[in-house]
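# Fold and geometry: a report
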Amino acid sequence: MSPVVDSHLHVWAGKEETASFPYEPGREPPESLAASTDHLLKTMDLCKVDKAMIVQPINHLYDHRYVSAALRSHPQRLRGMLLANPTATPEEAVLELKRLVSDEGFSGVRFNPYLWPVNEEGLGTMNDEVGRALFDACGTLSLPVGFMFFQGILHRLGGEPAPTHADDAVALMESFPDTKVIFDHFGFTNKFESPEAWRRLLQICDAFPQVYVKVSAPFRVSKNGYPYDDIFAQQLNELLRVVGAERLMIGSDFPFVQEQEGGYASHISRELLAKVNGITESDVNAIMGGTADKLFFKV
């Protein structure tokens, strides 16, 4: 059986660690959420999760030292996804990306479109000079790019005529097909609330074999709440048909999942996947860890 791999979570400095690892001003996390590396590892051990991909948290913005320390201390269990800096020049952004990979051990890159600058009309796109340079470098270095489309794949930075997030993703993949792509949290799409967005997501997944989807943070997408019958009995069924289990991976969105019904253990769970009609044991093993293990740990 494949290891259990949490494909999406965050850690940030505990209160006692902030002297060494301060938060980005104005982006301090809620005090109610415990998210230190030690707390994560204890939680993973309790819930029998073998490995995890840490996504650089917004709380530390472009200061990657806290996650870097976690990766150095636990190289067999943890991998890291750095946060791309679209405010730098293309040369500076790529240089820092390469440093974080070679010196700090990161193995993936997050594109957060809401950090991208906008033009004089207030419009923005990730398919700009710096975005293209970063995306190209990711393909060269075999780094998957995780898209965080919090406002949905049809959102436009600044509104029309800016491209949608989906348009940006497609344009980048068409220009640089060697770069693997991950859509976080079901693409932040609920098929019942936004059927157009859901159709677009499936269309992209079908057209581009380099696309993966994180079956993660269902509480950010579901309208029914735990145990998310609308998501796992409906959307995951369609994703399995279009994408296949070899491009799907479960994720918790720790530490935020700790505030949800069922907590961490219930969100990295084979029982959630069992709601899908016709799902096989092989499919479950891939989604629970096999896919993420190959993508993040066996490169």
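See the structure above.
Residues numbered from 1 in each chain as written. Predicted model: local features only at pLDDT ≥ 70, side-chain atom pairs only at ≥ 80, totals over all residues. Heavy atoms only, no water.

### Topic: the sheet that holds strand E8 (residues 248-251)
Spatially, the 8 strands line up as an open sheet ordered E1-E2-E3-E4-E5-E6-E7-E8, and their pairing is parallel. Each having just a single partner strand, strand E1 (5-9) and E8 make up the two edges of the open sheet. Averaged over all pairs of adjacent strands, the angle between strand axes in this sheet comes to 25 degrees, irrespective of strand direction. Lying over the sheet, helix H1 (residues 37-46) contacts E1, strand E2 (51-55) and strand E3 (78-83), oriented at roughly 135 degrees with respect to E3. Relative to the sheet, helix H4 (residues 129-140) contacts strand E4 (108-111), strand E5 (145-147) and strand E6 (181-183), its axis offset from that of E4 by approximately 155 degrees. (Pairing = 2+ DSSP bridges. Helix = DSSP H or I, 4+ residues; strand = E, 2+ residues; numbered from the N terminus. Axes fitted to C-alpha atoms, helices over the stretch in contact; angles between N-to-C directions. Contact = heavy atoms within 4.5 Å.)

### Details of the pairing of E8
Side-chain direction in a regular strand flips from residue to residue, so the side chains alternate between the two faces of the sheet. Residues Leu248 and Ile250 of E8 are buried on one face, and the alternating residues Met249 and Gly251, pointing to the opposite face, are buried as well. Where strand E7 (residues 211-216) and E8 come together, 4 bridges link them in parallel fashion. Residue Val213 lies in a different strand from E8, and its bridge partner there is Leu248. At this point the chain moves from E7, through helix H7 (residues 229-242), to the parallel E8, and the crossover so formed is right-handed. (Buried < 20%, exposed > 50% of the residue type's maximum accessible area, 1.4 Å probe, protein only. Right-handed = clockwise from strand over helix to strand, strands pointing away.)

### Side note on the packing of aromatic side chains
Tallying each qualifying case throughout the model produces 15 aromatic pairs. Relative to Phe135, the ring of Phe111 lies with its centre 6.1 Å away and its plane at 75 degrees, an arrangement referred to as edge-to-face. Of the two residues, Phe111 is situated in strand E4 and Phe135 in helix H4; the sequence distance between them amounts to 24 residues. The pair Phe111 / Phe135 is uniform in exposure class, with both members buried. Centre to centre, the rings of Phe111 and Phe147 are 5.8 Å apart; their planes meet at 85 degrees, and the pair counts as edge-to-face. One end of the pair, Phe111, is in strand E4; the other, Phe147, is in strand E5, and 36 residues separate them in sequence. Taken together, the ring pairs connect Phe111, Trp116, Phe135, Phe147, Phe149, Phe176 and Phe183 into an aromatic cluster. A cation sits over an aromatic face here: Lys51 above Phe297, 4.7 Å from the ring centre. We note Arg220 situated over the ring of Phe256; from NZ or CZ to the ring centre the distance is 5.0 Å. (Phe/Tyr/Trp six-rings, centres within 6.5 Å; stacked < 30°, edge-to-face > 60°. Lys NZ or Arg CZ within 6 Å of the ring centre and 35° of its normal.)

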